[in-house]
Amino acid sequence: QVQLVESGGGLVQAGGSLRLSCAASGSIVSINAMGWYRQAPGKQRELVAVITKGGSTNYADSVKGRFTISRDNAKNTVYLQMNSLKPEDTAVYYCNADIWAIATMPMDYWGKGTLVTVSS
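Each chain has its residues counted from 1, running along the sequence as written. This being a predicted model, a pLDDT of at least 70 is required before a residue's local features are given, and a value of 80 or more before pairs of side-chain atoms are given or counted; all residues contribute to the totals for chains, interfaces and linings. As a rule here, side-chain values cover all heavy atoms of the structure and leave hydrogens and water aside.

A. Looking closely at the overall build of the chain. The numbering of helices and of strands both runs from the N terminus, where a helix is a DSSP run of H or I of at least 4 residues and a strand a run of E of at least 2. The secondary structure content of the chain amounts to zero helices and eleven strands. Each helix (α) and strand (β) of the chain, taken in turn from the N terminus, gives the series β-β-β-β-β-β-β-β-β-β-β. For a compact globule the rule gives 2.2 Å times the number of residues to the power 0.38, and the radius of gyration it is set against comes from C-alpha atoms. Relative to a compact globule of 120 residues, whose C-alpha radius of gyration would be 14 Å, the chain shows 14 Å and is just as compact. When each of the 120 residues of the chain is scored for burial, the buried share is 39%. When checking whether two residues touch, look at their non-hydrogen atoms; a contact exists if any pair is within 4.5 Å. Pairs at least 24 residues apart make up 55% of the contacts formed inside the chain by residues separated by at least 6 positions. Looking at the chain as shown, the accessible area adds up to about 6400 Å², and 50% of this sits on carbon and sulfur atoms. Measuring between centres, the 11 positive side-chain charges of the chain sit 3 Å from its 8 negative side-chain charges. We call a residue buried when its accessible area falls under 20% of the maximum for its residue type, exposed when it is over 50%, and partly exposed in between, using a 1.4 Å probe and counting protein chains only. The Shrake-Rupley method, run with a 1.4 Å probe sphere, supplies the accessible areas, and residue values consider only the shown protein chains as cover. Only four residue types enter the tally: Lys and Arg on the positive side, Asp and Glu on the negative side, with His and both chain ends excluded. The atoms used to mark charge sites are NZ of Lys, CZ of Arg, CG of Asp and CD of Glu.

B. The pairing of strand E3 (residues 18-25), seen in detail. Any two strands with at least two DSSP bridges between them are considered paired. By the bridge criterion, five bridges tie strand E1 (residues 3-7) to E3 in an arrangement that is antiparallel. Its bridge partner lying in E3, Ser 7 is registered against Ser 21. For E3 and strand E8 (residues 77-82), the ladder comprises six bridges, and the chain directions are antiparallel. Directly across from Ala 23, in E8, lies its bridge partner Thr 77.

C. Highlighting the layout of surface pockets. Within this model, the largest pocket holds a volume of roughly 190 Å³. As for the largest pocket, its lining consists of 13 residues, and the residues nearest its centre are Arg 38, Ala 40, Lys 43, Glu 46 and Glu 88. A per-class count over the lining of the largest pocket returns two nonpolar, four polar and seven charged. Buriedness of a pocket was judged along seven lines, with at least five required to meet protein on both sides within 12 Å; pockets are open sets of points on a 1 Å grid over the protein atoms alone, cavities are sets where a 1.4 Å probe fits but cannot get out, and lining residues have an atom within 4 Å of a point. Grid points are joined across faces, edges and corners, and a volume is the space filled by probe spheres set on the points. Each residue gets one label: Ala, Val, Leu, Ile, Met, Phe, Trp, Tyr, Cys and Pro are nonpolar, Asp, Glu, Lys and Arg are charged, and the others, such as Gly, are polar.

D. Seen up close, the pairing of strand E5 (residues 46-51). Of the strand pairs in this sheet, strand E4 (residues 28-39) and E5 are connected by five bridges, and their pairing is antiparallel. Residue pairing across strands places Arg 38 opposite Glu 46, the latter belonging to E5. Inspection of the sheet shows E5 paired to strand E6 (residues 57-59) by three bridges, in the antiparallel sense. Counted as the bridge partner of Val 50 is Asn 58 from E6. Here E5 folds back onto E6, and the loop between the two strands holds five residues, one of which, Gly 55, carries a positive phi near 105°.

E. Expanded view of the packing of aromatic side chains. In this scheme Phe, Tyr and Trp rings, the latter by its six-membered ring, pair at centre separations within 6.5 Å, and the angle between planes marks the pair as stacked below 30 degrees, edge-to-face above 60, and tilted otherwise. Applying the stated rule across the entire model yields one aromatic pair. The aromatic ring of Trp 110 is capped on one face by Arg 45, whose charged end is 4.7 Å from the ring centroid. Only Lys NZ and Arg CZ are tested; either one counts as a charge over a ring when it is within 6 Å of the ring centre and within 35 degrees of the ring normal.

Below, the structure written as structure tokens:
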């Protein structure tokens, strides 16, 4: 069984930084794209950033220039470095990964989320 476990959320003042991590574990054969989504209170979940296995990245316009996604394929881990945080970045951040596990077809997995709160 595959699990995604996020860490690194918390409370930070506007202008500050946080680094989120998400580690995948289980009977993993291969991990394709990995990404971060977020959901603010009363809003739909939205894509923040995604990174392919080869390292190509894509970002939401609202975070370009402030957030950086990266991954360590040897550790099955994806990171999100968040700088110049704004109150509107406050949300629960979810890790997502397209994972091929033993005895299954590739499919999407989600973490349980980590809360990021940015105070003004």
